[in-house]
Every structure is written in structure tokens, then in C-alpha cells.
Amino acid sequence: MKYMMFVCTDTEPDTDKAGLPDIDTWVTENDTRGRRLDGHELAPTTAATTVRVRNGELLVSDGPFTETKEVIVGYDLLECADLDEAIEVARTHPMARGGRIELRPFADLPHRSA
């Protein structure tokens, strides 16, 4: 099952720095096991562009649409047997302690013809 893992900042990170996992080790381990299919750090929110259409009008603005203290800073695409395995992968990511991790399974949509 595929999961999108959003890596986010958090206003209340873990203050215990003992045993903090290394991101390069985490990436190598999960790539080797075939659980991490893709992933990348994102540019800062100052590089973001928000696109909306309202009443047929295109509205484009710089930065995120809402002011928020917690932002998505990266992502990883996971292939796991089930949610329990995805949680275990997320639990060992350094940002699980320094920020927060959001897991979402891909929706099982019916095939659409072009």
C-alpha cells in the first residue's frame, strides 16, 4: 500500500535530543528495504505560490494561502504492507521528534478513461 508521508515543522518539538536519528541513515535504510520510493526536502514557504479560481477568476499569490506556524518541509512516498508498517517508518524519522509526520494512504479511485 502506498502512503504519502508529509514531513512538517511543529511549534512544540521534542526537547530530548538523546538518540536523535540521523536522516541519511533513515533514508538509506528505508531505500534499501524498498519502503521509501521517493522523497525530497521542499523549498521554504517564501518560494510557494498559491493558486485558486473563484467565480472563474484566476487568483495567484506568493507564499502559503494561510498564515501558519506549522508547514510542510518535505515528503516521502512510502510502500508499506499496512498502516502499522508505515507508522513504524514514520516513528523512526528524525522529524517525528523535531516536528510532526502526517501519513495518508493514496485513495483507491476507480480507473478513469481518457
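Structure shown above.
Procedures and definitions
Residues numbered from 1 in each chain as written. Predicted model: local features only at pLDDT ≥ 70, side-chain atom pairs only at ≥ 80, totals over all residues. Heavy atoms only, no water. Helix = DSSP H or I, 4+ residues; strand = E, 2+ residues; numbered from the N terminus. Buried < 20%, exposed > 50% of the residue type's maximum accessible area, 1.4 Å probe, protein only. Contact = heavy atoms within 4.5 Å. Salt bridge = Lys/Arg side-chain N within 4 Å of Asp/Glu carboxyl O. Pairing = 2+ DSSP bridges. Axes fitted to C-alpha atoms, helices over the stretch in contact; angles between N-to-C directions. Arc of directions from axis to C-beta. Polar contact = N/O pair within 3.5 Å; in protein donor to acceptor, adjacent residues only side chain to side chain.

Asker: Quick one: what's the story with unusual backbone geometry, residue by residue and with numbers?
Answerer: Although it is not a glycine, Asn 55 adopts a positive phi angle of roughly 50°. Mapped onto the elements, Asn 55 comes out in the loop between β3 (49-54) and β4 (57-62). The exposure class assigned to Asn 55 is exposed, which follows from its relative accessible area of 85%.

Asker: Please give an account of the side chain of Arg 35 that cites residues and values.
Answerer: Here Arg 35 lies in the loop between α1 (23-32) and β2 (36-41). Other than its neighbours up to four places away in sequence, Arg 35 contacts Glu 29, Asn 30, Leu 77, Leu 78, Glu 79, Glu 85 and Val 89.

Asker: Break down the pattern of salt bridges for me, citing the residues and quoting the values.
Answerer: One pass over the full model with this rule turns up ten salt bridges. For Arg 36, the salt bridge goes to Asp 31, with nearest N and O atoms at 2.9 Å. Between Arg 104 and Glu 102 there is a salt bridge, with the nearest N and O atoms lying 2.6 Å from each other. Taking the relative accessible area as the measure of exposure, Arg 104 reaches 46% and is therefore partly exposed. Each of Glu 29, Arg 33, Arg 35 and Glu 85 takes part in salt bridges that share partners, so that together they form one network.

Asker: Describe the sheet that holds β2, listing the residues and the values that go with them.
Answerer: Across the sheet, which stays open at both edges, the four strands sit in the order β2-β5-β1-β6 with antiparallel pairing between neighbours. One side of each edge strand has no neighbouring strand; the edge strands of this open sheet are β2 and β6 (100-105). Across the sheet, the mean angle from the axis of one strand to that of its neighbour is 15°, orientation sign disregarded. Bridge analysis of strand β1 (residues 2-8) against strand β5 (residues 72-79) gives seven bridges, and the strand direction is antiparallel. Of the residues in β5, the one forming a bridge with Tyr 3 is Leu 78. Along the sheet, α1 contacts β1, β2 and β5; its crossing angle with β2, the most-contacted strand, is approximately 155°.

Asker: Can you tell me about helix α2 (residues 83-91), naming the residues and giving the values?
Answerer: Of all the positions in α2, only Ala 86, Val 89 and Ala 90 are classed as buried. Seen along its axis, α2 keeps its buried residues to an arc of 95°; they face one direction. More than 90 degrees from the buried face of α2, the exposed residues found are Asp 84 and Arg 91. Buried residues in α2 make contact with β1, α1, β5, α3 (95-98) and β6. Its side-chain oxygen at 3.2 Å from the backbone nitrogen of Asp 84, Asp 82 defines the N-terminal cap of α2.

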